[in-house]
Amino acid sequence: MKKTLSVFLAAALAFGMMACSNANTTTPATEAPATEAASAEEVTTEEVTAEAADAETEKAAEVGEGGSEDNEVGEEVSAESSDDAVVITGAGVKTAGTLVMSTNAEFPPYEYHDSATDTGIGDFAGIDVEIAKAIAEKMGCELKIEDIAFDSIVPQVNSGMADMGMAGMTVTEDRKKNVDFSDTYAISRQVIVVKEDSEFVGVEDLAGKRIGVQQGTTGDILASGDKNISEGVERYNKAMEAIQSLSQGMVDAVIVDIEPAKVFVSEVTGLKILDQEYTLEEYAICVKKGNTELLDNINAALAVLKADGTLDAIVDKYINAK
Ligand code: GLN
């Protein structure tokens, strides 16, 4: 813990000069970020198999407590303050005073357009939007959102055009080659959505069938990497387009993240989510490789937001309360 704090303090001192306009928020220290248990065995989406899911699920139960059944923010962190202080600065952003987030706002309840929910960031709403806004506030920055195609997020962050990518993005070994990931802030899993009258039970029923996925997502990676089903994969720009295709009978199943799946199934009649545990994944924020100033600030802000209950409150607002 002391070491972690020293790193934050050193980063704060070293980069304080470049901080966002009104930064240097001093916040109570917390226990180490809540995701240590999770990150010790990071989910390698490419390696996750349906068989592995059961064992992984147990791990999820350990990691996430206090969240919803299927999507949980990392384990509780003691909110007790101590004498130590974590200094969060606005260091590491490209333009001082602004934290630019790339996302794909087609992924409820994490990021979507909804003018009825006032988040103070245009018509953007969702868990990621509100967490990002809270992180920006801790950093003394204003949050700016770039809404782009999901598979453009990593390249945009990698090229430095955006400071961070946050889009219900699963940590994968492949993505880690191009960007660095923050501590985990949510646990998720892929599920299979089918028509209500379908007799499919799980992934074993997908062989030789047409499967809708969102281009470049872990659903796409999973389906494309499975030789029994890869030939039938149909890629869409938005998960909702895949869902609509399913509803119209143009594909037989859709592989998508659990919480968006629940939203889509509630909006489009005649669909259901299979119970089978498919994969377990972790969501994190990505930054340009080597941007440790920003990563340290994001992780420090996340730790504080976990400890003081902000993260749970945001998840409750969008998931648990419904
Ligand atoms: N979690 C999935 C992934 O990282 C899907 C994310 C999304 O579509 N926004 O690929």
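Procedures and definitions
- Residues numbered from 1 in each chain as written.
- Predicted model: local features only at pLDDT ≥ 70, side-chain atom pairs only at ≥ 80, totals over all residues.
- Heavy atoms only, no water.
- Core = buried A, V, L, I, M, F, W, Y, C linked by side-chain atoms within 4.5 Å.
- Buried < 20%, exposed > 50% of the residue type's maximum accessible area, 1.4 Å probe, protein only.
- Helix = DSSP H or I, 4+ residues; strand = E, 2+ residues; numbered from the N terminus.
- Contact = heavy atoms within 4.5 Å.
- Expected span 1.5 Å × (residues − 1).
- Near = heavy atom within 4 Å.
- Polar contact = N/O pair within 3.5 Å; in protein donor to acceptor, adjacent residues only side chain to side chain.
- Areas by Shrake-Rupley, 256 points an atom, 1.4 Å probe, with all protein chains shown as cover.
- Nonpolar A, V, L, I, M, F, W, Y, C, P; charged D, E, K, R; others polar.
- Phe/Tyr/Trp six-rings, centres within 6.5 Å; stacked < 30°, edge-to-face > 60°.
- Axes fitted to C-alpha atoms, helices over the stretch in contact; angles between N-to-C directions.
- Parallel < 35°, antiparallel > 145°, perpendicular 65-115°, else oblique.
- Left-handed = near helix turned anticlockwise from the far one by under 90°.
- Pairing = 2+ DSSP bridges.
- Lys, Arg positive; Asp, Glu negative; His and termini not counted.
- Salt bridge = Lys/Arg side-chain N within 4 Å of Asp/Glu carboxyl O.
- Right-handed = clockwise from strand over helix to strand, strands pointing away.

Draft legend 1. Examining the nonpolar core more closely. One finds Leu99, Ile131, Ile135, Met164 and Tyr185 to be the most contacted residues of the largest nonpolar core, which totals 43 residues. Mapped onto this core, the elements with two or more residues apiece are strand S2 (85–88), strand S3 (98–103), strand S6 (124–125), helix H4 (127–138), strand S7 (142–147), helix H10 (292–307) and helix H11 (310–320). Broken down by element, the residue count for this core peaks at 8 residues, all from H10. Once you skip the residues sitting within four places of it in the chain, Met164 turns out to touch Leu99, Val100, Met101, Ser102, Ala132, Val157, Ile285, Cys286, Val287 and Ile298. Ranked by size, the runner-up nonpolar core spans 16 residues in total, among them Val191, Ala239, Leu246 and Leu271.

Draft legend 2. Spatial organisation of H10. For H10, built from 16 residues, the straight-helix expectation of 22 Å at 1.5 Å per residue is met to within 8% by its first-to-last C-alpha distance of 22 Å. Burial of H10 is extensive: 15 of the 16 residues sit out of reach of the surface. In the segment just after H10, Gly309 is the residue with positive phi, at about 90 degrees.

Draft legend 3. A look at the site of the ligand. Close to the ligand lie 13 residues, the nearest being Gly168, Thr170, Arg175, Thr218 and Asp257. Contacts to the ligand include Asp257, whose side-chain N or O atom sits 2.6 Å from a nitrogen atom. Isolated, the ligand exposes 300 Å² of accessible area, and the fraction of that covered by the protein chains is 100%. Looking at side-chain class alone, the shell around the ligand contains 5 nonpolar, 5 polar and 3 charged residues.

Draft legend 4. Fine view of the environment of Ala149. Mapped onto the elements of the fold, Ala149 is located in the loop between S7 and helix H5 (150–158). By relative accessible area, Ala149 is classed as partly exposed at 39%. Each C-alpha atom, one on Ala149 and one on Thr103, is 7.7 Å from the other, the two residues being 46 residues apart in sequence.

Draft legend 5. Quick peek at the packing of aromatic side chains. Here the structure, examined in full by the defined rule, presents 4 aromatic pairs. Summarising the aromatic geometry, the rings of Tyr110 and Tyr283 are spaced 5.0 Å apart at their centres and angled 85 degrees between planes, so their arrangement reads as edge-to-face. Here the residue Tyr110 occupies a position in the loop between strand S4 (106–107) and strand S5 (111–113), and Tyr283 occupies one in strand S15 (residues 279–283), the gap between them amounting to 173 residues. Residues Tyr110 and Tyr283 agree in their burial class; the two are buried.

Draft legend 6. Region of the structure containing the packing of H4 against H10. Axis separation between H4 and H10 bottoms out at 9 Å; the angle between their running directions is 110 degrees. When the axes of H4 and H10 are compared, the pair comes out roughly perpendicular. Here H4 runs over H10; the crossing is right-handed. Contacts between H4 and H10 pair Ile131, Ala134, Ile135 and Lys138 from the former with Ile298, Ala301, Leu302, Val304 and Leu305 from the latter.

Draft legend 7. Summary view of the side chain of Thr279. Counting through the fold element by element, Thr279 comes out in strand S15. Looking at Thr279, its side chain comes within polar contact range of the main-chain nitrogen of Gln190, at 3.4 Å. Among the polar contacts listed, one links the side chain of Thr279 to the side chain of Glu281, at a separation of 3.4 Å.

Draft legend 8. Summary view of the pairing of S3. Across the 6 residues that make up S3, a large majority, 5, are buried. Judged from the 6 bridges that link them, S3 and S7 form a sheet pairing that is parallel. Paired with Thr103 across the two strands is Asp147, which belongs to S7. Pairing analysis gives 2 bridges linking S3 to strand S8 (residues 164–165), with the strands arranged parallel. Residue pairing for S8: Ser102 is matched across the bridge by Gly165.

Draft legend 9. Here's a closer look at the side chain of Arg175. Locating Arg175 in the fold gives a position in helix H6 (residues 173–176). The side chain of Arg175 is buried and forms no salt bridge, while Glu281, the nearest opposite charge, is found at 6.6 Å. Here Gly216 takes part through its backbone oxygen, which lies 3.1 Å from a polar atom of the side chain of Arg175. Leave out the neighbours within four places in its chain, and Arg175 touches Phe150, Val154, Met169, Thr170, Phe181, Gly216, Thr217, Thr218 and Ile221.

Draft legend 10. Representation of the sheet that holds S8. Judged by pairing direction, the sheet is mixed, and its 5 strands sit side by side in the order S7-S3-S8-S16-S9 without closing on themselves. The two strands at the open ends of the sheet, each matched to only one other strand, are S7 and strand S9 (179–181).

Draft legend 11. Broad picture of the sheet that holds S6. On the basis of which strands lie adjacent, the open sheet formed by 3 strands has the order S4-S5-S6 and antiparallel pairing. The open sheet has two edge strands with one neighbour each: S4 and S6. Here S4 runs beside S5; their pairing, made up of 2 bridges, is antiparallel. Across the sheet, residue Glu106 finds its bridge partner in S5, namely Tyr112.

Draft legend 12. Layout of the pairing of strand S12 (residues 233–236). Relative to S12, strand S11 (residues 211–214) is paired through 4 bridges, and the arrangement is parallel. When the sheet's bridge partners are listed, Ile211 is paired in S12 with Val233. Chirality of the crossover, the property in question, places the unit of S11, helix H7 (residues 218–224) and S12 among those that are right-handed.

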